[in-house]
Amino acid sequence: MTRPLRLGTRGSALAMAQSGHVAEALTEATGREVELVEVVTAGDRSSAPVHRLGVGVFVSALRDALAADAIDFAVHSYKDLPTAAAPGLHIAAVPPRQDPRDALVAKDGRTLAELPSGAVVGTGALRRIAQLHALGMQLEVTPIRGNVDTRLGRVLGPDADLDAVVLARAGLARLGRTDVITETLDPMLMLPAPAQGALAVECRADDTDLVELLAVLDHAPSRAAVVAERALLATLEAGCSAPVAAYAVIAEGEPTSSLAGGAGGDEIYLRGAVISPDGTRDLRLSRTGTPADAAEIGKALAAELLDLGADSILGHDGSTGPGTQHIGSTE
């Protein structure tokens, strides 16, 4: 009898929820049973500020478990992965991406525009802090940590000490908590983090049977969007704790003629931004192309941002050096 596949996951409610969704989808598509194996990571044991925890603290323990054959595959929030590939491991699937936008949860059902001057807003990402400052709304923005319930409690709980928090909408959706959202933020105001809302299903590269099995979960448009966004991030040599934002959208075009090989006319539209932590410098550009060229589009857009001085913004913040990792993995 074939044993269940072992899926490694962090133990947080969000990680268990998203891993459970992947397990159910794989079983439904292939018939293979999957069991969840909880792996405790360094990030789970730390209370340090989000942007100071270092590279891969929510990722390395899962990857160690893969290498040791303690698990068969793992599910990561894609934005937590370092941009450098892990030797011997393979991203076998990027399932359909959740809505990558950020969400505001505020007291009294307020929207961002309705927050008064001096309102205290909490978030765990330097990218969000920078963009909130760039809006010029005179908000008091404070870094916060904790799981989704902890963060929501700081606005909605009996001991609430914040006027609002900003979280990734995807995490709230996966936990069935979209009812608390008072506004889903327009990317024109708050551009998401690269790969926000996307999952990465990873296994050992030499486990060819499992690589093939997991491929059934892959969603090509989601993978192309993530490839473009992370290529931009990698070319900027910035990790996800840096004030770098990127959002790629795949637009379906008219099919081309059979003389062109029957390829579709899809287009990828990538927006990228680098913002100084205090919001005083805000570089934003966009670029289009085909999904097949996703990586090159990301690299080219990053090069344009660098030409405009993005490196000076990134270089002036000590927490945003190459490989720095955002680990506020509450999505």
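Parameters and conventions
- Residues numbered from 1 in each chain as written.
- Predicted model: local features only at pLDDT ≥ 70, side-chain atom pairs only at ≥ 80, totals over all residues.
- Heavy atoms only, no water.
- Helix = DSSP H or I, 4+ residues; strand = E, 2+ residues; numbered from the N terminus.
- Buried < 20%, exposed > 50% of the residue type's maximum accessible area, 1.4 Å probe, protein only.
- Contact = heavy atoms within 4.5 Å.
- Areas by Shrake-Rupley, 256 points an atom, 1.4 Å probe, with all protein chains shown as cover.
- Core = buried A, V, L, I, M, F, W, Y, C linked by side-chain atoms within 4.5 Å.
- pLDDT = per-residue confidence, 0-100.
- Arc of directions from axis to C-beta.
- Polar contact = N/O pair within 3.5 Å; in protein donor to acceptor, adjacent residues only side chain to side chain.
- Pairing = 2+ DSSP bridges.
- Axes fitted to C-alpha atoms, helices over the stretch in contact; angles between N-to-C directions.

## Here's the deal with the overall build of the protein chain
Counting secondary structure elements, the protein chain contains ten helices and 13 strands. The 331 residues of the protein chain split such that 50% are buried. Restricting to contacts in the protein chain with at least 6 residues of sequence separation, those with at least 24 account for 72%. For the protein chain, the computed accessible surface area is about 13900 Å², with 50% contributed by carbon and sulfur atoms.

## A short note on the environment of A231
Tracing the backbone through its elements, the reader meets A231 in helix α8 (residues 220-235). For A231, the residues in contact, after removing those within four places along its chain, are A295, G298 and K299.

## Some thoughts on the nonpolar core
In terms of nonpolar packing, the biggest core is built from 23 residues, with L232, L236, V244, L270 and V274 touching the most fellow members. For this core, the secondary structure elements donating two or more residues are α8, β11 (244-251), β12 (267-275), α9 (294-307) and α10 (310-315). Beyond its immediate chain neighbours, meaning those up to four positions away, L232 contacts V244, A245, A246, L270, G272, G298, K299, L301, A302 and L305. Counting residues in each nonpolar core, the second largest holds 17 residues, with L7, V22, L199 and L217 among its members.

## Observations regarding the confidence of the model for the protein chain
Mean pLDDT for the protein chain: 87, with 85% of residues reaching 70 or above. Low confidence marks residues 43-55, where pLDDT is under 50. Its contacts with residues over four positions away, or in another chain, come to 32 contacts. Note on residues 316-331: pLDDT under 50 across the span, and 76 contacts to partners over four residues away in sequence or across chains.

## Considering helix α5 (residues 148-156)
Taken together, the buried positions of α5 are occupied by V148, R151, L152 and V155. For α5, the buried positions fall inside an angular range of 95 degrees around the axis, keeping them on one side. Looking at the buried side of α5, the elements it contacts are β5 (102-106), β8 (164-168) and α6 (169-174). Its side-chain oxygen 3.2 Å from the backbone nitrogen of D149, N147 forms the N-cap of α5.

## Examining unusual backbone geometry
Positive phi is not limited to glycine here, since D69 has a value of about 60 degrees. Checked against the element boundaries, D69 lands in the loop between α3 (60-67) and β3 (73-77). The phi dihedral of A195 is positive, around 70 degrees, even though this residue is not glycine. Structurally, A195 is set in the loop between β9 (183-184) and β10 (199-204). With a relative accessible area of 0%, A195 lands in the buried category.

## Some thoughts on the sheet that holds β11
Strand order in the open sheet formed by three strands is β11-β12-β13, with antiparallel pairing between adjacent strands. For this open sheet the edge positions go to β11 and β13 (282-289), each flanked by a neighbour on one side alone. When strand polarity is set aside, the average angle formed by the axes of neighbouring strands in this sheet is 10 degrees. Here α8 sits on the sheet and contacts β11 and β12; the angle it forms with β11, its principal contact strand, is near 150 degrees. Along the sheet, α9 contacts β12 and β13; its crossing angle with β13, the most-contacted strand, is approximately 150 degrees.

## Here's the deal with the environment of T280
Locating T280 in the fold gives a position in the loop between β12 and β13. The exposure class of T280 is exposed, given its relative accessible area of 62%. It is 6.2 Å that separates the C-alpha atoms of T280 and A134, two residues lying 146 residues apart in sequence. At 2.7 Å, the side chain of T280 forms a polar contact with the side chain of D278.

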